[in-house]
Amino acid sequence: YTIWNFVPKNLFEQFRRIANFYFLIIFLVQLMIDTPTSPVTSGLPLFFVITVTAIKQGYEDWLRHKADNEVNGAPVYVVRSGSLVQTRSKNIRVGDIVRVAKDETFPADLVLLSSERPDGTCHITTASLDGETNLKTHYSVAETSVCQSVTQLESLQAVVECQQPEADLYRFVGRVTVTQHGEEIVRPLGPENLLLRGARLKNTKEIFGVAVYTGMESKMALNYKCKSQKRSAVEKSMNSFLIIYLGILLSEAILSTILKYAWQAEGKWDEPFYNQKTEQERNSSKILKFISDFLAFLVLYNFIIPISLYVTVEMQKFLGSFFIGWDLDLYHEESNQRAQVNTSDLNEELGQIEYVFTDKTGTLTENEMQFRECSINGTKYREVNGKLVPEGLTEDSPDDSAPQMVKTHNFLTHSNLNLNDNLYIFLLCSPLSPQVGEELLFLKAVALCHTVQISYDQPDCNLPGSDPFSHVNGFSANHMEYYASSPDEKALVEAAKRCGNAKHENTITNHKMFKLLHVLEFDPNRRRMSVILQTPSGGQIMFTKGAESAILPFSSGEMEKTRLHVDEFALVRLLIYSQGEWPSLWSSYFIYSCFVLFFFLSLRLQDKVQETIEALRLAGIKVWVLTGDKHETAVSVSLSCGHFHRTMNILELLKQRSDNECAEQLRRLKTEALREHEKLFMEVCKNCSAVLCCRMAPLQKAKVVRLIKTSPEKPITLAVGDGANDVSMIQEAHVGIGIMGKEGRQAVRNSDYAIARFKFLAKLLLVHGHFYYIRIATLVQYFFYKNVCFITPQFLYQFFCLFSQQTLYDSVYLTLYNICFTSLPILVYSLFEQLVHPHVLQSNPALYRDISRNSMLSFQTFLYWTFLGFCHAFVFFFGSYILMGEDTSLMGNGQMFGNWTFGTLVFTVMVITVTLKLALETHYWTWMNHFVTWGSIVFYFIFSLFYGGIIWPFLHTQDMYFVFVQLLSSGSAWFAIFITIITCLLPDIVKKVFYVHLRPTNTQKSQVQLTRTTFLIQLVLSRLIHHILSLIPLL
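Residues numbered from 1 in each chain as written. Predicted model: local features only at pLDDT ≥ 70, side-chain atom pairs only at ≥ 80, totals over all residues. Heavy atoms only, no water.

The protein is annotated in an unreviewed UniProt entry as Phospholipid-transporting ATPase from Periophthalmus magnuspinnatus. According to the UniProt record, the Catalytic activity (unreviewed entry) comment for the protein is "ATP + H2O + phospholipidSide 1 = ADP + phosphate + phospholipidSide 2." (UniProt positions renumbered as here; feature names shortened; annotations may be inferred.)

### Digging into the side chain of glutamate 833
Positionally, glutamate 833 belongs in the loop between helix H27 (823–832) and helix H28 (838–843). No salt bridge is formed by the buried glutamate 833, whose closest oppositely charged neighbour, arginine 775, lies at an N-O distance of 6.9 Å. Those residues in contact with glutamate 833 that sit more than four places away from it in its chain are Phe771, Arg775, Glu921, Thr922, His923 and Tyr924. (Helix = DSSP H or I, 4+ residues; strand = E, 2+ residues; numbered from the N terminus. Buried < 20%, exposed > 50% of the residue type's maximum accessible area, 1.4 Å probe, protein only. Lys, Arg positive; Asp, Glu negative; His and termini not counted. Salt bridge = Lys/Arg side-chain N within 4 Å of Asp/Glu carboxyl O. Contact = heavy atoms within 4.5 Å.)

### Focus on the environment of alanine 108
Tracing the backbone through its elements, the reader meets alanine 108 in the loop between strand E3 (97–101) and strand E4 (109–115). Overall, alanine 108 belongs to the buried group, its relative accessible area being 1%. Through-space distance from the C-alpha of alanine 108 to that of valine 94 is 9.1 Å; in sequence the pair is 14 residues apart. Once residues lying within four places of it in the same chain are set aside, the contact partners of alanine 108 are Leu195, Leu196, Arg197, Ala211, Tyr213 and Thr214.

### Details of the sheet that holds strand E33 (residues 753–755)
Two strands in a sheet stick together by hydrogen bonds in their backbones, pointing the same way (parallel) or opposite ways (antiparallel). The strand order E13-E33-E32-E31-E14-E29-E30 describes an open sheet built from 7 strands, whose pairing is mixed. The open sheet has two edge strands with one neighbour each: strand E13 (340–341) and strand E30 (690–693). Sheet topology places strand E31 (residues 717–721) next to strand E32 (residues 735–739); 4 bridges connect them, and they run parallel. Paired with leucine 718 across the strands is valine 735, a residue of E32. Strand contacts of helix H25 (residues 760–797): strand E14 (355–358), E31, E32 and E33, with the helix running at about 140 degrees to E33, the strand carrying the most contacts. (Pairing = 2+ DSSP bridges. Axes fitted to C-alpha atoms, helices over the stretch in contact; angles between N-to-C directions.)

### So, the pairing of E30
Across the two faces of E30 the burial is the same, with Ala690 and Leu692 and Val691 and Cys693 all buried. In terms of strand pairing, strand E29 (residues 622–626) meets E30 through 4 bridges, oriented parallel. Bridged to valine 623 within E30 is alanine 690.

### Notes on the nonpolar core
Counting 97 residues, the largest nonpolar core has Ile305, Val780, Phe790, Tyr809, Phe907 and Met910 as its most contacted members. If we ignore the near neighbours within four places in the chain, the residues touching tyrosine 809 are Cys789, Phe790, Pro793, Gln794, Leu814, Trp900, Gly903, Val906, Phe907 and Met910. Ranked by size, the runner-up nonpolar core spans 40 residues in total, among them Val79, Val176, Val178 and Tyr213. (Core = buried A, V, L, I, M, F, W, Y, C linked by side-chain atoms within 4.5 Å.)

### As for the sheet that holds strand E1 (residues 75–80)
If you walk across this open sheet you meet the 6 strands as E2-E1-E3-E12-E4-E10, and the pairing is antiparallel. Strand pairing shows two members of the sheet lacking a second neighbour, strand E2 (83–88) and strand E10 (194–195), which therefore form its edges.

### Some details on helix H33 (residues 971–998)
End to end, H33 covers 40 Å across 28 residues, agreeing with the expected 40 Å (1.5 Å per residue, within 8%). Along H33, the largest kink reaches about 30 degrees and is centred on leucine 985; proline proline 987 follows within four residues of it. Those residues of H33 that sit buried are Ala973, Ala976, Ile977, Thr980, Ile981, Cys984, Leu985, Asp988 and Ile989. (Expected span 1.5 Å × (residues − 1). Bend = angle between axes of the 7 residues up to and from the residue.)

Structure (C-alpha cells):
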C-alpha cells in the first residue's frame, strides 16, 4: 500500500476483528434509535482503540519501509547515452546494461556481457541464495566479451531472448543475437551465463551485464513467498471467546426483550398511570417495537464485549517488544548487534513453538573449519605453530629424538592462473630438502587435490605475462583469499599454506609447476574426487581424496595403524588422500582430520549451538534442519551440533528417482502406508526426534514448513535462517527469525524477529516467549472476567425495574470503567509479570512444556474465569441488595439511598474487587505494580468525589451530584463494601492455597525465590485461612 491508501486498508484490517466491527454496529445503532446510553459510551472507546492501533501499526510499517528503501535505493551504475550514469536499483529496467564492481551484489538478474578478464569470465558466490559458499564461474559469449568499455557497449547491437520468469535458480534458457558487420550471430544462453540477483561478484574487478529479470520477476523474488498477515494463536483464541460472549450478549438481550413483553401482558404494567403512552406509541408496529427494544437491550449490555481488550493487547505487544531489544543477553558484542523486533504482533507466539526449522550454513555454523591433526602412513601428526609435529613431540623437541618434523616444505597453491588456457599449479619448496618423504607426498596431495579458487587484492595478478609469484616473494601471500566448494577444502589448503610457509633459516629459491589436466568431480557413486596432473618432468600423476570406505580398500601400507586412526577420528570429518602414477593406482595413502570446539568437530559451529538444540529438545520442541548443502556435510554438522545423536536410529531417504521409488522407501520406513506421499512423509517425520533435509531449494523449504504447519494437529512453527534462500520458509512459518549473518540482510528484513546468533534462540523462546505468553494469556482471561463482573449486575437489575432498560451505572462510569479505572493495573501486569525467575526458565527448559498447546487459554480455563466473573457479579449485586432491600434509610439523618446510590455502591465494590483479584494473580511486584494497583483505587475515589461533588455546567443532567459523598458517609455502606469484597475473594484465596500445596504444577514447584511482597501476602492469607478453618468446629 501507499501513504494514501494506508488509512482505508488499515481500517479494513482492523474491522475484520470481531470486537471492533461489533462496536461499530453498536455505535451506529445508538445514532439511529433511542437507546438507554449515549453514543459517546461506544464511540469514544472505539475511536481510541482504532487510533492507537493504527499509530502502532503505521510506525512498524514505516520501519519496514525504511529497510526496504535501503535495498531499493542502493546506488548502481547503468550505461546510458554513452556514459555510466548512477541511478537507484529500483529504477533498473529490462534491457539496461548494468556495471557491477567486485564484492557488490547484483541488483537484478543479468546476462553476463563482459568482464575485465580477457576470456569474459567472472566468479560469484551464491551463499545468500542457495547456501553454497564456493566460487562459481560464469561466462559471457565470445561476441560480447570483447566489449569491455562503455563506448563499445554503447555501439553493441544485440537482442536477448529468454524464457518467462520462473523460480528455479538453476534453470535458464535463452539466446542472444549479436549483429556484427551486418551479419546476425546467434549464441545459446544457459544458467552459466546468468548472474542472479542477490549473488555477489568475487575475484573480478568489474563486469557488465544486461538486465533480463528485475524487481519481483527476478528468481530471488520469485522464491519469496507472498507475505501474509500472521495471526497468533492467542488472537485466534480471543476471537473464539468473543464469539461465545457475543452469544451470551444476544441471549441476554433476547431474554430481556421476551421477559419485558411477558411482564407487560398485564395492563397495569403495560401502561401504568404514571407513564401513559402517546397515540403514536399505541399505533406503532409491534414488530418494529420488538426490534427496537431488542437493539436497546443490545446496547445496554454491549460492554460485555471488551473493546479495550484489543488496544490493551496492542499496547502490551508494542511496549513489551522493547524488552527483547534491551536484553543484554541477546546482544552480540563482536558485531555490535542487538536483537530486533520487526513484528510485535507475535510476541506470545514465541512461547508456543513446537517445531523449529533451521538453515545450516551461517545459522548453525560459522562456515569455518580448521586443520588440527593428520595421519600419514600410520604416523599421527598435529599442527603446532605452522609445522606438522609427530605425535608425542613438541616444537622444541630435538630433531634426532623422533621422526623428522615437517618444517622446511614451503608450499603455496595457485589454482586459478589461466596461462594459455591451461591451468597450472605452482609449488614452492626448499632445495635443501630431499622432497621424497611421505610427509612431502601428503602436503603435495593437500596442495594439489582440490578445486579451491583464489581471490587477490591486486587486480593484475591474473593477467597473462604477470609474475605468478609476485605475491609470494617476500611472503606477502596474505593478500590471497580462498574460495572453496566446502569448508574442509579451504581449511586444508590454508593448512598447506601455513605448514609450507613456516619460518626457517633457508630461503625459497626453487619452485615446481604442475599442469592440471583434468578434474574428476565428486559424485555419490564414487564417493571421491580426483585430479590428474602433469609433473615438471613430463610424467602424469593422479591424486584422489574421498571417504575411507572408498579409498582404503584400494590402499596399501601401514593399514593396521591407519585403521586404528580411522576409528579414533570417527567423530570428525574424515577424508583419505591417495596418489599414484597414471595410469597405475594408489601406492600410498594419507589421512587427515580437522576439528575445533565440540567433540573435535570439523566444521566450526556457532557458540553454544549444541546446548541450544538440547535445550529446545528438553522444552518439547522438535528441530528440523533444512539446508541446500550436500548430504555428507549436512549429516556431519547434524551429528556435531547435537541435532543427531549416535544412539539414534537414522532413517535415510536418498537417491529416489521416481515417485514410486520414494513411496516404496517411505513404506519401508513406516509400517503403514498412506495414499499420498506428502502425508506419508509427514507421518514418518513426525515420529522422528530430529529431521534433516538436504539439497533443498528455497520454495522446497517453505513447502516442508507448510506441510507440518497444516497438519491436523496445527502445530506452531518457527523458521530461522540467515540468507535470501531462507526467506520463503521464514515467511511461511508462524514465526520467522532472521540471523544477522554475513550473507546480506534479506532474511532479517523479511523476518518477524532478528538475532545475531543461533544461541540467542534459547532465551528468546524459553524466557521471553514464556513471559509474553503467560502475561497476555492472563490479560485476555482477566479482561473477559472483569467485563462479566461489569455487565451482569446490569442484567440482574432489569428484573427489578420491569425491564425498562434503566441503566444501573452512570454513563461516565460506563465509559471510564475499561479506559481508566481498571486499565493500568492489567497493562503493567502484562509488561512485568514473571512466574519464575529467568535463570530458572533457562536452566529448566522443561517448564516450557507447561504452557505449550495454548494451555492457559484452553476452553476449561476460559470457563473457569467466566464462571468466576458471574459468581462475583452475583455477589456484588445481591450483596448490596440484601443490605439495602429492607431498610433503605442508611443515612444518619434518615435519608434513603436511591437508584444511583445503589448502582454506585455496586460499581465501587466491583472496581475494588477486580483490582484486588489481579493483585492476587501477581507474582512479581515492582514499584510500578504497587503504584498502578493502589493508585487506580485511589483515583476512582478521587474522581468520583470531584465528579459528584461539583455542578458541571456543560452537563445537561447530573444525576450523580453528591451521591458518592453520601455513600461514603454511611458506615453501613463501608461495611457492605468490605464484606462483599471478602466474600468474593476468600474462596479464590482458599483455592489457590490448596492447589499450591496439593496439586502444584512444575512451574509452581520452581518458584523457590519469591519476592518479599508475594511471600508476605501468601503468609498473611495462609494464617487467615488457618484461623478460619480452626473456627469451623466451634461453629
